[in-house]
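What follows is the residue order along each chain.
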Amino acid sequence: MEISARIKKEAERYGVPAQTLVMTDLMAAGYSETEAYSIAYSTNMSFSKTQNENIRKSITGSEAFAAMLEDRRLTIRGRAGIGLTADIKPQYSKEEIASQLRSQIDMLPDGSKEKTDALMKYADLFAMKKEEKKADEEDVIRIWMPLTCDICPYKKGARK
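Within any chain, residue numbers begin from 1 and follow the written order of that chain's sequence. At least 70 in pLDDT is required for a residue's local features to be given in this predicted model, at least 80 for side-chain atom pairs to be given and counted, and no such filter applies to totals for whole chains, interfaces and linings, which use all residues. In computing side-chain properties, one takes all heavy atoms of the structure into account and sets aside hydrogens as well as water.

In this section: the environment of Tyr-41. Along the chain, Tyr-41 falls in the loop between α3 (33-40) and α4 (49-60). Residues Tyr-41 and Met-23 lie 18 residues apart in sequence; the distance between their C-alpha atoms is 8.0 Å. Contact criterion: two residues are considered in contact whenever any of their non-hydrogen atoms come within 4.5 Å of each other. The residues contacting Tyr-41, other than those within four sequence positions of it, are Gln-19, Thr-20, Met-23 and Ile-59. Definition of a polar contact: a pair of N or O atoms within 3.5 Å, with one able to donate and the other able to accept a hydrogen when the atoms are protein atoms, and with sequence-neighbouring residues admitted only if both atoms are side-chain atoms. A polar contact is formed between the side chain of Tyr-41 and the side chain of Thr-20, at a distance of 2.5 Å. The numbering of helices and of strands both runs from the N terminus, where a helix is a DSSP run of H or I of at least 4 residues and a strand a run of E of at least 2.

Only rings of Phe, Tyr and Trp enter the pairing, Trp through its six-membered ring, and a pair is recorded when the two centres are within 6.5 Å. The plane angle decides the type: under 30 degrees is stacked, over 60 is edge-to-face, the rest tilted. Here the structure, examined in full by the defined rule, presents one aromatic pair. Ring geometry for Tyr-37 and Tyr-41: centres 5.1 Å apart, planes at 25°, overall stacked. Buried, partly exposed and exposed residues are distinguished by accessible area as a fraction of the type maximum, computed with a 1.4 Å probe on protein chains only: under 20%, between the cut-offs, and over 50%, respectively. Residue class for Tyr-41 comes out buried when judged on its relative accessible area of 7%. One residue, Arg-13, lies across the ring of Tyr-14, its end atom 4.7 Å from the ring centre. Geometrically, a lysine NZ or arginine CZ counts as sitting over a ring once it is within 6 Å of the ring centre and also within 35 degrees of the ring normal. The ring of Tyr-122 has Arg-102 lying over it, and the distance from NZ or CZ to the ring centre is 5.6 Å.

So, on to the confidence of the model for the chain. pLDDT is defined as a per-residue confidence score from the predictor, taking values between 0 and 100. Per-residue pLDDT for the chain has a mean of 78; in total, 72% of the residues score no lower than 70. The element-level mean pLDDT for the chain is lowest in helix α8 (residues 153-159), coming to 68, with α4 highest at 89. Low pLDDT, under 50, characterises residues 84-88; the predicted model gives this stretch two contacts beyond four residues in sequence or across chains.

This next bit is on the pattern of salt bridges. The working definition used for a salt bridge is a side-chain nitrogen of Lys or Arg within 4 Å of a carboxyl oxygen of Asp or Glu. All chains considered together, the criterion is met by eight salt bridges. Linking Arg-56 and Glu-33 is a salt bridge whose minimum nitrogen-to-oxygen distance equals 2.8 Å. You can see Arg-56 sitting in helix α4 and its partner Glu-33 sitting in helix α3, a full 23 residues away along the chain. You can call Glu-33 partly exposed: its relative accessible area is 28%. Across the pair Lys-113 and Asp-117 runs a salt bridge, and its minimum N-O distance is 3.2 Å. With a gap of four residues between them, Lys-113 and Asp-117 both fall in helix α7 (residues 113-138), about one helical turn apart. Lys-113 sits in the exposed class, given a relative accessible area of 59%. Taking relative accessible area as the criterion, Asp-117 reaches 30% and is therefore assigned partly exposed.

The following block contains the structure:
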């Protein structure tokens, strides 16, 4: 695995190998401890399961690792613009978003740049819904069969 200079520099700051920092970042992003270890330490996959578990536990068992993991969680959430509060808001459906956006658009003054931008986002939201419907329709193959053979154009052509 190639590791960037930025990751190497940050790993030096924490005093850990770069692979450990990668593992910590993966765990901070939501991967399980085992998944993060398997990705970051892919070169160790030739070791036995017991050896890998012991190495993983020796890395994650210290208080320094726990502190680094929490620090990396805050760093990653800050970069991604995710709120740092413990309560996670539920995901909204497109209909809920559309209704909230529409109510906000109605409050904006007519002709303003903000209203124009909001209307463009509103239109984009409905365009995405149409694209999803088209994608679903493309998977369906419709075959229309006549009710009786007398209606079939092929049989009519054969009679002539």
